[in-house]
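If you want the building blocks of each chain, they are given just below.
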Amino acid sequence: SKATVSVLYWREETQYTMTRWGIISTGKIANDFALAIAKAGGVLEAVASRSEENAERFAKQHGFKRHYNSYEQIYADSNIDIIYIATPHSHHFECVMQALENSKNVLCEKPLCPTMWQTEKCVAKAREKNVFLMEGVWTRFFPTVREAKKVAENDLGKLVSVWSSFGFNAGNGPQTGRIFEKELAGGALLDVGVYPLNWVVMLLGEPVKVQATGTLASTGVDDFVAATLTFSCGAVAQIQAATTCTLTNDTHVTGKNGIIHVPTPSHCPDTLTTKLVPQGSNDPLLLGAVKTTTTRPLDPPHCGLAPGYNFIGSQGFVHEVLAVQSALEKGLKECAEAPLDETLIVAKVSQEIRKQIGVTYSWDQ
């Protein structure tokens, strides 16, 4: 029998079987995720890279038991419970499908795949093999986001609108690097636009209409995107994503009974503010609304880059890891916070936005 570990987080002590993790790729995001696995009581079982040197370095740095210089070796490792895929977007489909073919549980960094058809094939394969699959949208697992979703469902009344943006300035020099490379499935939408889209789909489901506009970099990928999504319930959502400038990077949810504001950075937040109209009151401008600010500090607290991490808020990865380990412990094939049906909706909307603004990839059919 496997060992168990008790993890104390957010004043709740939960005992999990020690999940044995494998990681594919040794880049910046893999580093941050490996730190989260250790923090969540998971086992750093093996890491794979096509570079022997990188695999060995990463394994020593984080304390993995084994390292491999090919992905095929980690797919075949029977001592691994789940594989985390952290390769560039362009390699997600191949890695996910090969892992699933080997009946491995898979957590793949967002986006699950660059195209709709690839996403559909991965979901279908996971269901055929009866294994766990999840797109790694860490935003969905932050305590603040869970609280915002709960308030939206129970207190806001009929939802009217969602506004969400994520943009950063990738630099004023030549548009080079992964974000701008078409063959790596670069672009603002797939790199950061998936976060606003996930906020919208998480709260409103599938839109009936998508209207998008944007601008393209010299490499042919999008560097600014704006889209309006209309829903059958009558709600309207607006998202923006950019790699040319810093946007407000916050999220607003409006309902008949009030407003939720999740301030920057709303893709990895530790704070939310609600303004709710007391039941039975007549307050059309919310001047007398009950204002509540809730903070769920990260560990260490959210203040720029935490020591050892490469991305702001990465210490919050631990919430995603804990949720995945809990799902595996229960024998689930999906996480309730990130259902595959919503992954498919995000992929469908993303592809429609790309179509409207003129971004194509070699994988498009």
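(A) Spotlight on the packing of helix α4 (residues 92-101) against helix α5 (residues 116-129). With their axes 9 Å apart at the nearest point, α4 and α5 run at an angle of 10° to one another. Taken together, the axes of α4 and α5 lie roughly parallel to each other. Residues Phe93, Val96, Met97, Leu100 and Glu101 of α4 touch α5, and the partners they reach there are Trp117, Gln118, Lys121, Cys122, Lys125, Ala126 and Lys129.

(B) Spatial organisation of the side chain of His89. Residue placement: His89 occurs in the loop between β6 (82-85) and α4. Classification of His89 by relative accessible area gives buried; the value is 5%. Reaching out from His89, the side chain makes a polar contact with the backbone oxygen of Ala185 at a distance of 3.0 Å. The contact partners of His89, leaving out residues within four places of it in the chain, are Lys110, Pro111, Pro114, Arg178, Leu184, Ala185, Leu190 and Asp191.

(C) Here's a closer look at the nonpolar core. In terms of nonpolar packing, the biggest core is built from 78 residues, with Trp21, Leu203, Leu204, Leu229, Ile260 and Ile353 touching the most fellow members. If near-sequence neighbours (up to four positions away) are discounted, Leu229 is found in contact with Leu197, Val200, Pro207, Lys209, Val210, Ala235, Val236, Ala237 and Val349. Within the second largest apolar cluster, 29 residues are counted, among which are Ile24, Ala99, Ala126 and Leu340.

(D) Seen up close, unusual backbone geometry. Residue Pro111 follows Lys110 across a cis peptide bond; omega there is -15°. The step from Asp299 to Pro300 runs through a cis peptide bond, and the omega angle for that step is 0°. Counting through the fold element by element, Pro300 comes out in the loop between β16 (290-295) and α8 (317-329). Not every positive phi belongs to a glycine, and Ser103 is a case in point at roughly 60°. Within the secondary structure, Ser103 sits in the loop between α4 and β7 (105-109). Positive phi values are uncommon outside glycine, yet Leu286 reaches one of about 60°. With respect to the secondary-structure elements, Leu286 resides in the loop between β15 (271-276) and β16.

(E) Looking closely at empty space enclosed by the protein. Going through the model one piece at a time under the given rule, you end up with two cavities of 30 Å³ or more. Roughly 80 Å³ of internal volume is contained in the largest cavity. Around the largest cavity sit Pro111, Leu112, Cys113, Pro114, Thr119, Glu135, Leu190, Val194, Thr343, Val346, Ala347 and Ser350, which together line it. Looking at the lining of the largest cavity, the elements that each hand over two or more residues are α7 (188-204) and α9 (340-357).

(F) Broad picture of helix α1 (residues 28-39). Taking 1.5 Å per residue as the helical rise, α1 with its 12 residues ought to reach 16 Å, and the 17 Å between its terminal C-alpha atoms agrees with that figure. The set of residues buried in α1 consists of Ala30, Asn31, Asp32, Phe33, Ala34, Ala36 and Ile37. The inward-facing, buried residues of α1 contact β3 (20-24), β4 (43-48), α2 (52-62), β6, β7 and α8. Of the residues flanking the end of α1, it is Gly41, one or two places downstream, whose phi is positive at about 80°.

(G) Molecular detail of the packing of α5 against α9. Running from amino to carboxyl end, α5 crosses α9 at an angle of 165°, the nearest separation of the two axes being 9 Å. Judged on the interaxial angle alone, α9 and α5 are roughly antiparallel. The handedness of the crossing between α5 and α9 is left-handed. Contact residues: Met116, Thr119, Glu120, Val123 and Arg127 in α5; Leu340, Asp341, Thr343, Leu344, Ala347, Lys348 and Gln351 in α9. Residues that form the contact of α5 with α9 fall into these classes: five nonpolar, three polar and four charged.

(H) The arrangement of α8 in detail. For α8, spanning 13 residues, the distance from its first C-alpha to its last is 19 Å, which sits close to the expected 18 Å at 1.5 Å a residue. Judged by how many residues are buried, α8 sits mostly within the fold: 11 of 13 residues are covered. Taken together, the buried positions of α8 are Phe317, Val318, His319, Glu320, Val321, Leu322, Ala323, Val324, Gln325, Ser326 and Ala327. Looking at the residues trailing α8, positive phi occurs at Gly331, about 80°.

(I) Just the packing of aromatic side chains, in detail. A complete count under the given rule lists nine aromatic pairs for this structure. Ring centres of Phe58 and Phe64 lie 5.8 Å apart, and the angle between their planes is 35°; on these two criteria the pair is classed as tilted. No difference in accessibility class separates Phe58 from Phe64, as the two residues are buried. Look at Phe93 and Trp117: their rings are 5.2 Å apart centre to centre, the planes differ by 65°, and that puts the pair in the edge-to-face class. Of this pair, Phe93 sits in helix α4 while Trp117 sits in helix α5, and the two are 24 residues apart along the sequence. You can call Phe93 buried: its relative accessible area is 16%. The exposure class of Trp117 is partly exposed, given its relative accessible area of 24%.

Analysis parameters
- Residues numbered from 1 in each chain as written.
- Predicted model: local features only at pLDDT ≥ 70, side-chain atom pairs only at ≥ 80, totals over all residues.
- Heavy atoms only, no water.
- Axes fitted to C-alpha atoms, helices over the stretch in contact; angles between N-to-C directions.
- Helix = DSSP H or I, 4+ residues; strand = E, 2+ residues; numbered from the N terminus.
- Parallel < 35°, antiparallel > 145°, perpendicular 65-115°, else oblique.
- Contact = heavy atoms within 4.5 Å.
- Buried < 20%, exposed > 50% of the residue type's maximum accessible area, 1.4 Å probe, protein only.
- Polar contact = N/O pair within 3.5 Å; in protein donor to acceptor, adjacent residues only side chain to side chain.
- Core = buried A, V, L, I, M, F, W, Y, C linked by side-chain atoms within 4.5 Å.
- 1 Å grid on protein atoms, 1.4 Å probe; cavity = no way out; pocket = protein on both sides within 12 Å on 5 of 7 lines; lining within 4 Å.
- Points joined across faces, edges and corners; volume = space filled by probe spheres on them.
- Expected span 1.5 Å × (residues − 1).
- Left-handed = near helix turned anticlockwise from the far one by under 90°.
- Nonpolar A, V, L, I, M, F, W, Y, C, P; charged D, E, K, R; others polar.
- Phe/Tyr/Trp six-rings, centres within 6.5 Å; stacked < 30°, edge-to-face > 60°.

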